[in-house]
Every structure is written in structure tokens, then in C-alpha cells.
Amino acid sequence: MLTLEARATQSAFAAWLSPLLALGLTALTGAMIFLAMGKAPGVALYIYFIEPLTSWSGLSEVAVKAGPLILIGMGLSLGFRAGVWNIGAEGQFIAGALLGSAPAVYFFESTNPLILPCMMLLGILGGMAWAAMPALLKTRFNANEILVSLMLVYVAELLLVHLVQGPWRNPEGWGFPGTRMFPDAALLPMFVPGYRVHLGTLIAVVIPFLAWFVLTRTRLGFQVRVFGSAPLAARHAGISSAQMVWTTLLVGGGLAGLAGVMEAASTIGQLMPKISPGYGFTAIIVAFLGRLHPVGVLLAGTAIAVTYIGGEGAQISAGLPKAVTGLFQGIILFYLLAFDLLTRYRLTRVGARGNTA
Amino acid sequence: MNEKPLLQLTGISKAFPGCIANDDIDLEIAPGEIHALLGENGAGKSTLVKIIYGVLRPDQGRLCWRGEEVAIDNPASARSLGIGMVFQHFSLFESMTTLENVALALPPQDLDQLRERLETTAHDYGLTLHPDRHAYDLSMGERQRIEIVRCLLQNPSLLILDEPTSVLTPQETDTLFTTLRTLAAEGRSILYISHKLEEVRSLCDRATILRGGKRIDDCNPAQETAQSLAEKMIGRRVESAKGHTAPAAYEVRLKVTDLSVRSDQPHGTDIRDVSFSVHAGEILGIAGIAGNGQTELMNALSGETGPPQAGAIEILASDASQMGPMARRQLGAVFVPEERVGQAAVSDLSLVQNSFLTSAFRMGFVNHGLINWPGVGQYAKEILDEFDVKATGVDALVSSLSGGNLQKFIVGREILQSPQLLIVSQPTWGVDAGAAAAIHEQIQRLISAGAGALVISQDLDEIFALSDRIAVISQGTLSPPRPAGEVTTEQVGLLMGASRSISETASHAHA
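Predicted, not measured: the structure shown is a model, and the values here were computed from it.

Asks: What is the right way to read empty space enclosed by the protein from this model?
Replies: Left-over empty space is what a probe sized like a water molecule reveals as it rolls over the atoms. Tallying each qualifying case throughout the model produces five cavities of 30 Å³ or more. Every residue lining the largest cavity is listed: B:Leu127, B:Gly141, B:Gln144, B:Arg145, B:Ile148, B:Leu168, B:Glu172, B:Thr175, B:Leu176 and B:Thr179. Listed by contribution, the elements that provide at least two residues to the lining of the largest cavity are helix H5 (140–152) and helix H6 (170–185) of chain B. Broken down by class, the residue content of the lining of the largest cavity amounts to four nonpolar, four polar and two charged. Estimates place the volume of the second largest cavity at around 50 Å³. Every residue along the wall of the second largest cavity is listed here: A:Val64, A:Gly67, A:Pro68, A:Leu71, A:His198, A:Gly200, A:Thr201, A:Ala259, A:Met262 and A:Glu263. Top element by residues in the lining of the second largest cavity is helix H3 (residues 56–81) of chain A. It accounts for four residues. Here the lining of the second largest cavity is built from residues that sort into five nonpolar, four polar and one charged.

Here it is as C-alpha cells:
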């Protein structure tokens, strides 16, 4: 019989090796799945993982997709470090997009340059407001934040559908659900003509370094780390648990909301019934794949973005189903969790002998 | 002893990653003998006993039971040989009665018959038990008696007791010893694990002394002095700590008035109407058996469990009742809680980071929310140097420190903040003698410099060694503090068990 036995020491090296091994094994498993589907595994894997990185437009698309993943993943990893399990970032993303888009919807002919900063701010506030609900219910009634934040995702999704089909629907849109296209002043500036990389992408690259500074240099960052790994020690040091729950949820919600409004105000340019390919949930994988570390999240967000872009390419040029993208993300998480378990425990064989008196 | 030994261990060795817990140990236990296994924390006592009881298997060596070599694969086979064990941490279900707890450990049988056997056995060995009371309602002494009776019902030839007196009052200890002597007179052997020298001297026929995983000596403890036993156990002379010199001043550092606290733990102990004060230049010792409200009192004083339900806590003449832990530290108090790992220190953070944990504001390490890490690093280095903490450096993780070194670090971290008031719970619990002496000396030095201290401890020797005045906590109430010179161990012991024995006698009369 095999059992798990806790390791006396955990190596930091193994902790970082685990995501790399997970990625490698995912590619291997993917190859076998492609083979079973009758596709040449080498070609499919190339299209999936390499091709997006071989052209400027591919790289630009990866960067655009990585942006929201990094922003959300960063906010989530802060909460996960503190032991606050916000898994409703998808809802906070949508709430941010909704509130942040309101100025563009109501002032659709605006040319005022202040409209964009105003939208970003409202986006952050929208995400925060959505995250404030689990925070309030947790600190006030000890309600489980996992359930509350998750269920609020569906509320946000339905609210979005309601708005774009009802009050916010484009009156000149022939009845299709969706708002008017945003005015130019309400769109994030792009840097290079022909490529979709925009200001939001840059912000997504800067935020992790800011988070790194906060985590290592400020008292707040220290409190988050202590609160997550030893709640009683946090209490001993006078760290308020309610304050930690509020802070991490608001920061996580705010970053998800910012990602949401930036998505609406860039690549989409309007609100539609569906504005996210599951960024909020995929960012959970990003946070763990990145070891909850800011730089790790930056790298993991990029890696996962490759699977999105590669998945699109694979649909077009190799005729692979869209579900393969989700499949790959699932396999990555599966291997990651398995290797993480093995960095903390070792498998040992125990004798099947044993008698009872 | 010419008889064939009941149990004979030869050349037992057991290694764990990074340490050799048992190194070539021989041990012989004769029938009817009370045999002490004496050693400091970490000497290898527990490992050896776990090997005998089948919890661990030795890497090398032989076990002979009544002259025949045996392999003890698990506790069940140990029990079938006739070995019973009472662990230091009891394995009772709080919400079950005595009878139910005993029944659980035995093969299924009729409860009425079992009740009869239980009562007979308890009576024969002078073990007072109440079959229908729930475990959470019982004193530590009675819980231990359940464990002992549970073993006795299986008619063991060898009974192993791991630090049995650490949770008992002096009076309960006397009762236990009477029972153990009766058992020995019947021809049963007892393996008695302890680090308390006087107990071993008065109870045991023979003692095997372990140090650093090796067998150091076999002796007749009655013919040794406590000092000579201690030297064998520790490996060098132990100096007892010198007292402090500052005379108790009038200035009050801590004043607690009619404090009542509801425990935040299920089956915890509420604090009721506790009043006392601590002056500059004195140590007030609070004795008591574990689980009588010490944790609740400590957390209420440090502000970790929020404002008290009633009463007031004044630190240096400021009302601190509504303050959080950091604000209380700003008034001049520092706290060393009983739990080292997870409360006083975070195991997966470095010593530098742990230095910052409680000193953030008292030492001025935070400026506009930013941490002055070089300053904290300097401070951590000071703690390591001044308090002789053995670690690979200030960046070592807390989890890499031994218990004694970690406690020296924690006490050092608090004392270096130059507090006017030190509140410490179990300062040397589970700490080796060398570190314990160093910690006592540092506390004394702080008091000599004019601070006041409150020491909560279950260790009566420690209470008497340190305190100017002594009070006893029992079931959440505090006896009036009395000068240390005017009370005896026996009086303190009576207070420790006071309300408990009254309620036990009362319910006994009903039974």
C-alpha cells in the first residue's frame, strides 16, 4: 500500500521546478491526445505552443491576452497568500467592465480625454464593489468567501446580459445584443499600427513589479504573508483579520475590475453578452502556476496566454476543436497540483502486514 | 536482580533524517521493577518508548520479551504481549463518558459487565473514577486515571507512562505513586519516563539515563543526589539562576481589576473576576494545571482575543482594555505566549522577518508603511548574539531552530525591546536545561533593570525559582497573590487542585 508522508524539508528549487515539469508533461500528454485524434502530434504541438511566438502579430496577441490574466492573477495571488479564497474574479472582471463602460455608453459621442481615466477608475470601483460583497459577508457573518464570490459570478453575467439586451442595447444595432461602439476617446491608446498591443498591456506588465515591492517592502505586504501562513501569529502581532480579508478582496476585485474595463475599452470596444473567455477562472491557474509570486504570475500569465492564442491557431489551421484550450489548461493544473503535492509529501510503501488484537 | 528480565533491549538504534534519535541503546526491565527512563527533551526517550510500543521500528537491535526475541510491529501486537502505555497527550473523546472512552479501547463487550470490571479495577488500585461523567468535565488527573485503567483492564505485565506528572498537582502525583507502587508489588513492571529528578529518586528502583540518543548510565536513583543525576542527564554542571536585585517599587506596571473573559474555545475555561497587579521590579508567578484558564488570561492580557467581557486591564496606568496587541505594546508591554510555532513565530519565515513581527512599532521599523529591513536585520543579529541563539544566520527559517533556541530567540526579541512589563506564559516548557537557565537569567536581568513581569507557568519549580509573589489559577479564578517566602509547594498544590477536588468529592458523595 502506498501512503503519503510529509517531507521534513521543502526545497524552493522543487517549488519552482514543479510548474516547469507540469508544462512539459502537459505538452507530452497533449501529444498523445493529438495522436489519438489522428493528428500529427509534432505539428499540432508546434501550432499550439510555438507558432504564436514566431511572428510579431502572434507575440502581440499573446501580450494582449496575457494582460488581463496577469492583472487578475496578481490580485488573486495576493489573496491566496493571505488564505482568502476569492474565486469569483470572473464576476469582478465583468462588474468592472460594466461600471467602467457606463461613461462610454452614456456619452457615446464624447471627445473629452478625461473620459478614459474616469472609466478606468470606475472599472476598479466596480470590481471592488463586487468583491466587497464576499468581504462584508465573511467579516460580518463568517460566510464562506469561496461560495459567495463564485455565485456572484453568475449574478454579474446575468446583469451584463440584461444590460446589453435591454437598457444599454445599441438602438442602431438592428436588435443585436450589445452596446454602441465606444467613442475613440474612450479607447485605450495602441502603440504600433497594425498590432493590438495597448496601454493596458503595459499596465499589466508594471503591476506585478509594484506588487512585488508592496509584498517585500511594506508592512501591508508583510501582514498579508503572515496572515496567510500563521493566522494566530498574525493575531499576536495585532494584524486584524477583518482588515486582511477586506484589503485582499478589494485589491483582487479592483485589479479584476480594471482588467475588465480595459478589455472592454480596447480589443472589444463595446460591451457584448460575453466579454471574457473565462479570464477570471483561468487566472486562478495563473496564480498557482506562478507560485503566487509577482514575477511568476507575469511568466505564467504569458504561458497561459500562449495556450489561448495557440488554441485559436489550432482551430483554424489544424481543425482542432476549441475545447482543446480548456483541456490543456485543465491538464496543466492537474499536473501542477500533483507535483506540488509531491514537493510537500513523499510516497512511501507501507507493509501490508498488521494484525489486530 | 537475578530473575530473567521481562524486557531486554540490545543495541537499539534508530535514525531519522538529520538526527540519530537512538544510538546503540541497551535496556533491561526486571519483573516488578519501576524503571525510570531519564533524559532531557530530545534525548531519545520518546523514540525508544515508541519502539517498545510498536509505533516505530528500530533500524538495528533486538527486543527480547521474557527471554525470547520478538518483533513488535504495531501497538496492537505490543498490547497482545502485555505492554500497555499511557501517553503524555491523552486520547480521550471529550464528549464521551469515562465508561464509553474505556469501552472504545477494548474489544466489543457488554457495557454493564464492563462497568463492573471498571469499578472493581479502579477500586483495587485506589483510582477514583466516575464512569458516567464526560471527559471534558474531568480534571487532568482523572483523565489520566481513565487511561491507566484502560491499560490495566488489559492486564499488562509492563506499563509505560510518558511524563505522567506534568499535568498533575503534587497531591495527585502522590496518589499516582501509591497506585504505581501497588502495581509493582503485584509483579508488574513499570517504565517511567521523566525529566523530573526528585520524582525519579523517590519512586524508581532503577534509572537508565539517556543523553543525545545514547545510554549514559544505569543507576539506582535513590543512591544518587538530584545534582548528580542532573549532571549525568545534562552532561555538565548546572548553575541555578541568580535572583533579581531591584527592590519591588510602588509603581504599578499592570493592574487587572475584576477581569472576566469568555473562552473562545469549545471546552475552554472562562476567566471569572480576576484581580491582581504587578509592580516594577517584581515577578508575579501564576501557577496552575494546564487548562485552567491560562491561555484565556494570556490572550486577554495581550489583547489577542479582543476586549474582555467585564473588568479592566491597565498597562502602565493607561486603560488598555479596548486596545489591540500593538497598542498595548506601545504602552510598554511585551508578550511571550505559550505557543511558539504559529503564534509567537511563523515557521516558514526567516528570523529577520520574525524579528519584525512584534517589534514593528516599538523599535520604529516602519516609516510611511515601508519596512526598514536593514534595521530589522541588525536587530535580529543583536538577538542572536546577546541571547546566544544557535542558528545558521539571521536568514535561517524559524523551522530550522530547535525548541530551546527558538524560545531564546522569542524571549530575546521581546526583552531587547526594553519593555517596562513582560508577560510570559510557559517560558521554558519543553526547553532543555541550558536554555531554560539562560531564559531565566535574562528575565531576572530585565527585572533588575526595573521592569515588572508576570510569569504564567505549570512548572512549580520555575514558579518558585522566579517569583516574588505567587498566585494560583484554578478553573478560571485566581487565588490572592502571596509572597513567595510565605507559601509552600504543598499549599500551592492544594490551591491548584482546590475547586476541582471539592467538586469531585461532592459528586462522589452522590454516587
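Asks: Hey, could you run me through the interface of chain B and chain A in this one?
Replies: A common measure of how large an interface is: the accessible area buried when the components associate. Each partner contributes residues to the interface: chain B has 34 residues there, and chain A has 21 residues. Carbon and sulfur atoms make up 59% of the surface buried where chain B meets chain A, a total of about 2,200 Å² over both sides. Of all residues in chain B, B:Glu304, B:Gln343 and B:Leu357 bury the most surface against chain A, accounting for 19% of the area lost on that side. Put simply, chain B and chain A have one salt bridge between them. Here B:Asp264 makes a salt bridge to A:Arg235, at a shortest N to O gap of 3.6 Å. For the pair chain B and chain A, the number of links is eight residue pairs in polar contact (both at pLDDT 80 or more). Residue assignment for the side of chain B that touches chain A shows that the elements contributing at least two residues are helix H2 (75–81), helix H10 (325–331), helix H11 (351–359) and strand E18 (370–371) of chain B. With four residues, H11(B) is the largest single contributor of residues to the side of chain B that touches chain A. Split by residue class, the side of chain B that touches chain A holds 17 nonpolar, ten polar and seven charged.

Asks: Please explain the sheet that holds strand E7 (residues 158–162) of chain B as it appears in this structure.
Replies: Adjacent strands of a sheet pair through backbone hydrogen bonds, lying either parallel or antiparallel. Residues and elements named next belong to chain B. Pairing is mixed across the open sheet formed by six strands, whose spatial order is E6-E7-E8-E3-E9-E10. The open sheet is flanked by strand E6 (83–86) and strand E10 (214–219), the only strands paired with a single partner. Each adjacent strand pair in this sheet contributes to an overall mean axis angle of 20°, direction not counted. Its contacts with the sheet place H5 against E6 and E7, and it is angled at close to 175° to E6. Together, strand E3 (34–38), E7 and strand E8 (189–194) form the strand contacts of H6, whose direction differs from that of E8 by roughly 145°.

Asks: How should I be thinking about the sheet that holds strand E11 (residues 252–261) of chain B in this particular structure?
Replies: Residue and element names in this part refer to chain B. What the four strands build is an open sheet, ordered E12-E11-E14-E15; its pairing is antiparallel. Single-partner strands in this sheet number two, and they are strand E12 (271–279) and strand E15 (318–319). Strand direction decides the pairing type here: E11 and E12, joined by six bridges, are antiparallel. Each bridged residue has a counterpart across the sheet, and for Leu259 the counterpart in E12 is Val274.

Asks: Please explain a negative patch on the surface as it appears in this structure.
Replies: Side chains of B:Asp110, B:Asp112, B:Glu116 and B:Glu119 sit close together on the surface and give a patch of like negative charge. Its place among the elements puts B:Glu116 in helix H4 (residues 111–124).

What counts and what doesn't
Residues numbered from 1 in each chain as written. Chains lettered and ligands numbered in written order. Predicted model: local features only at pLDDT ≥ 70, side-chain atom pairs only at ≥ 80, totals over all residues. Heavy atoms only, no water. 1 Å grid on protein atoms, 1.4 Å probe; cavity = no way out; pocket = protein on both sides within 12 Å on 5 of 7 lines; lining within 4 Å. Points joined across faces, edges and corners; volume = space filled by probe spheres on them. Helix = DSSP H or I, 4+ residues; strand = E, 2+ residues; numbered from the N terminus. Nonpolar A, V, L, I, M, F, W, Y, C, P; charged D, E, K, R; others polar. Contact = heavy atoms within 4.5 Å. Buried area = accessible area lost by both parts, 1.4 Å probe. Salt bridge = Lys/Arg side-chain N within 4 Å of Asp/Glu carboxyl O. Polar contact = N/O pair within 3.5 Å; in protein donor to acceptor, adjacent residues only side chain to side chain. Pairing = 2+ DSSP bridges. Axes fitted to C-alpha atoms, helices over the stretch in contact; angles between N-to-C directions. Patch = residues over 30% accessible without salt bridge, like charges linked within 9 Å, V, L, I, M, F, W, Y side chains within 5 Å. Areas by Shrake-Rupley, 256 points an atom, 1.4 Å probe, with all protein chains shown as cover. Lys, Arg positive; Asp, Glu negative; His and termini not counted. Charge placed at Lys NZ, Arg CZ, Asp CG, Glu CD.

Purely geometric numbers; function is a separate question.
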